[in-house]
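Chain by chain, the residues run as shown.
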Amino acid sequence: MSQLPYEILPHIVPMKTVKSLNDSDYDGMVLVSHTLPSHLELGSLKAEVEKAIKIDKSVETDGCIREVNFPAQRLIYSPTGPINRDYDDARSYSEAAAKGIKRALKAGVTSPLLILPFERKFVHADLVTLLGALEALYVPIQFREDVPEKNSKIKQLGVWGPDPSAVNTIISLALALEIGRSVARDIGGGDPERMSPPRVEEYVTNIFKNNPHIKLQVIKDVEVFKKEYPLHNGRILMLEYEGEGPIDCTLMLVGKGVTYDTGGADIKAGGVMAGMSRDKCGAAAVAGFLKVVSELKPKRIKVIGAMAMVRNSVGEECYVSDEIIASRSKVRVRVGNTDAEGRMAMADLLCQMKEKVVSGEINPHIMTLATLTGHACLTVGTGYSIVMDNGPARENGQSKLLQEAGSILGDPFEISTIRREDFNFHKDKGEGVDVLQCNNMPSSRTPRGHQGPAAFLILSSGLDKHGLDSSVPIKYSHLDIAASAGDYPDEPTASPILALYAAYLEGRH
Ligand SMILES: [Zn+2]
C-alpha cells in the first residue's frame, strides 16, 4: 500500500482528573445529577441551582446556566430527570451528560469540567456519564481530515469526583472504550467514498499497525473469494487477539460491512437509498471492539473479529435474483432479492468460524453483528439492539447476559427467539436448491422479518448441524443492530461495543 500523506488516528478527547473544583484551567462546570448533590464541596453549586429553581420551576427538568464563585465561573446544570420509575435506565446519565456538554459548547465553554454523579442506583452512573460527554465531543473523521484545525471541540475535559483515584480508574476505562467507539463511528459514519472497502482496509491497517496485540489479515483476491467465500466479494479483514492465558473464552465476531447498499439489481427506488452508507456499522463495531480489546488487554480471552466489507452495487458484475450459488458449507442458495446482501456477505465467514470451532477453540461463542433488517427498527424502535440465540447459546443464557450487561452501560438489547417458522420460510421449494436467501418483499413488510435472516444464516453456514442435538453444539447469537446503530443526521452510536465490553471483558483487565 502506498504511503499516506497523513497518519490516521482515532479521535481522542484530551482528558484529565481534576483534584480541586478551584482548578483555574477550566471555564465551565457541567453538573450531571439526579438530585441536587449533598456533597460538601458542591454546597455552593447546590445553593445556586436552588436559587434558580425558586424563580423558574423548569430548571428542575431542563437545567440552567448560572454564574458561580469558582475559577470556572459558569455552572451548567444538566439534570437526569427521574431515575426511579420502572422504565428508567442508565441512559438518563449519558443523555444528560451529552446535553450538558452541548449546552456548555453553545455557551462558549472551551475547557469543561465534568462533575460526576454520586447516585448509586445505577452502579456505573459515573462511567456512563463520562461516556455520554465523550460521545457529544466526537468529531466525524471527514471533518477532522478536511478541516484539521477543527479536530477537537474543546481544549481539554476535566473530570471531578469526590475520590480522585476512582476518577483516574474511570477515565482510563472510558478512554479505552471511547477510542474503540470512535473507530466504530469513523468506519460506520464515513461516507461511501471515504469508507469504501479499500479505504476501510487502509483505515483498519493504519489503526492496528505496530500493534503487538492484534493480528490482522486482509483478504482481497477474487480467486480466493471464488474458492473460499463464494457468497462474498470485496474485502475481508480478520482481526485476532489472544490474551494472557489460560484462555477460558473465545469470542468470534462476524460484522456486516456493506459500505453502500443500493439494494443491488433489486434497487432501492423511490428515495429510500439515502443513509445506506450506515450499512457497515456491524463491521465497524467489530473493529471498534477489537480496538477496545487491544487497549485493555483482557486476560484469559481470545477474540477473533471478521469484517465483511463490500459495496452492494448495480452494474455488470452485480448478482441478480434467481442465481443459485453454493456456499462455503456446500449449501445451495437461491437469491430471492439482491437487497438481502448482508446475510450473503456474512454466511461464508460464519461458516469459517464454525470450522475453526470444530477444529478446536476453547469455550467458543460465535456472533454476527449487522444492521440487517428494517424489520428490526419496526419491532423495537430506535436505540435498541436485538439478540437471537441458537439452542446452545440460549441454554447458556447468552441473550440474557448481553441484555443485562448492556443495560448497565446504557446499551440496551431486546431478546427475540428464532422459531421453526423462520427455518421453514427459508427452505427453498425448488429442486436442487436448499435455501432461499430472501422473499421478494422488504423485511419491513415480511412477518418475522428480523428472525428469518438469523435462520438463513444458520442454514447457509451449516450451523444447523451444531444445535443442541448435535455431538458438537456451537453457541451462536445473531445481533441485529439496525435500530441501534444510529441514523442520519446523528453520528453512529457504536452499539453494541459497550454491551460486549460489559458482558465479556469486565473483570478481565
Ligand atoms: Zn440491502
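Think of each chain on its own: its residues are numbered from 1, step by step along the sequence as written. The predicted origin of the model limits local features to residues at a pLDDT of at least 70 and limits the giving and counting of side-chain atom pairs to 80 or more, whereas totals for whole chains, interfaces and linings rest on all residues. Side-chain metrics in this entry use all non-hydrogen atoms of the structure; hydrogen atoms and water are not considered.

1. As for the UniProt feature "domain: Cytosol aminopeptidase" (unreviewed entry) in the protein chain
Rule in force here: UniProt positions are given in the numbering used here, feature names are shortened, and annotations may be inferred rather than shown by experiment. Secondary structure follows DSSP: runs of H or I at least 4 residues long count as helices, runs of E at least 2 residues long count as strands, and numbering of each begins at the N terminus.
UniProt records the feature "domain: Cytosol aminopeptidase" (unreviewed entry) at residues 337–344, using the numbering of this structure. Strand forms 0% of residues 337–344 and helix 50%; the C-alpha atoms that close the span are 11 Å apart.

2. Digging into the pairing of strand β4 (residues 74–79)
Inclusion rule: Burial classes follow relative accessibility: with a 1.4 Å probe on protein chains only, a residue under 20% of its type's maximum area counts as buried, one over 50% as exposed, and anything between as partly exposed. Paired strands, in this sense, are two strands between which DSSP finds at least two bridges.
Of all the six residues making up β4, five are buried; the element is thus mostly covered by neighbouring parts of the structure. Note that strand β2 (residues 28–33) and β4 share five bridges and pair parallel. Following the sheet pairing, Leu 31 is matched in β4 by Tyr 77. Relative to β4, strand β3 (residues 64–67) runs antiparallel, the two being bridged by four bridges. The partner of Glu 67 across the bridge, within β4, is Arg 74.

3. Quick word on the side chain of Ser 399
The criterion, for reference: Contacts were defined at the residue level, with two residues in contact if any of their heavy atoms lie within 4.5 Å.
Tracing the sequence through the fold places Ser 399 in helix α13 (residues 398–408). We classify Ser 399 as buried; its relative accessible area is 5%. The contact partners of Ser 399, leaving out residues within four places of it in the chain, are Val 387, Met 388, Asp 389 and Ile 415.

4. Overview of the pattern of salt bridges
What counts here: By salt bridge we mean one thing: a side-chain nitrogen of Lys or Arg within 4 Å of a carboxyl oxygen of Asp or Glu.
Across all of its chains, the model carries 31 salt bridges by this definition. For Glu 178, the salt bridge identified is with Arg 185, shortest N-O distance 2.9 Å. Owing to a relative accessible area of 4%, Glu 178 belongs among the buried residues under this scheme. We note a salt bridge from Lys 268 to Asp 261, for which the minimum N-O separation is 3.6 Å. With respect to burial, Lys 268 and Asp 261 carry one shared label: buried. When salt bridges with common partners are traced through the structure, they connect Glu 135, Glu 178, Arg 181 and Arg 185 into a single cluster.

5. Points about the state of the cysteines
Selection criterion: In this description, the term disulfide denotes a pair of cysteine sulfurs within 2.5 Å.
Evaluation of the coordinates by the stated rule reveals zero disulfides. In this structure Cys 318 is a free cysteine whose sulfur lies 16 Å from that of Cys 438, the closest cysteine sulfur available.

6. Describing the coordination of the zinc ion
Selection criterion: Here the term donor refers to an N, O or S atom within 2.8 Å of the metal (or 3.2 Å for Na, K and Ca), and because water is left out of the atoms, sites may appear incomplete.
Looking at the metal site, the zinc ion is ligated by Asp 261 (OD), Asp 339 (O), Asp 339 (OD) and Glu 341 (OE), spaced 2.0 to 2.1 Å from it. Counting along the primary sequence, the residues that act as donors to the zinc ion give the motif D-x77-D-x1-E. Of this pair, Asp 261 sits in strand β9 (residues 249–261) while Glu 341 sits in helix α10 (residues 341–358), placing them 80 residues apart in sequence. This pair shows no difference in class: Asp 261 is buried, exactly as Glu 341 is.

7. Some points on the domain arrangement of the protein chain
We apply this condition: Each domain's extent is set by a domain assignment, obtained either automatically or from a database. Accessible area, probed at 1.4 Å, shrinks when two parts are joined; the buried area is that loss added up over both. By the criterion applied in these results, polar contacts are pairs of N or O atoms within 3.5 Å in which, for protein atoms, one can donate a hydrogen and the other can accept it, and in which residues neighboring in sequence qualify only through two side-chain atoms. Note on residue classes: Ala, Val, Leu, Ile, Met, Phe, Trp, Tyr, Cys and Pro are nonpolar, Asp, Glu, Lys and Arg are charged, and everything else, Gly too, is polar.
Once the domains are mapped, the protein chain shows domain 1 (15–184) and domain 2 (248–505). One C-alpha centre belongs to domain 1, the other to domain 2, and the line joining them spans 35 Å. Each side of the interface is counted separately: domain 1 has 18 residues, and domain 2 has 21 residues. At the boundary of domain 1 with domain 2, total buried surface from both sides reaches about 1,600 Å², with 75% on carbon and sulfur atoms. Viewed at the interface, domain 2 and domain 1 are joined by zero salt bridges. Inspection of the region where domain 1 meets domain 2 yields one residue pair in polar contact (both at pLDDT 80 or more). Classifying every residue of the side of domain 1 that touches domain 2 gives 13 nonpolar, two polar and three charged.

8. As for α13
Selection rule: Read the arc as the range of directions from the helix axis to the C-beta atoms.
Of all the positions in α13, only Gln 398, Ser 399, Leu 402, Ala 405 and Gly 406 are classed as buried. The buried residues of α13 all sit within an arc of 135° when viewed along its axis, so they share a single face. Opposite its buried face, α13 presents the exposed residues Lys 400 and Glu 404, each directed more than 90 degrees away. Packing partners of the buried residues in α13 comprise β13 (364–370), β14 (385–389), α12 (391–395), β15 (413–417), β17 (475–480) and α16 (497–505). Just beyond α13, the residue with positive phi is Gly 410, at close to 75°.

9. Quick word on the sheet that holds strand β16 (residues 435–436)
Here three strands make up an open sheet; going across it, the order is β11-β12-β16 and the pairing mixed. On the outer flanks of this sheet lie β11 (324–326) and β16, each paired with one strand and no other. Sheet topology places strand β12 (residues 332–334) next to β16; two bridges connect them, and they run parallel. Looking at the pairing, Val 333 lines up with Val 435 of β16.

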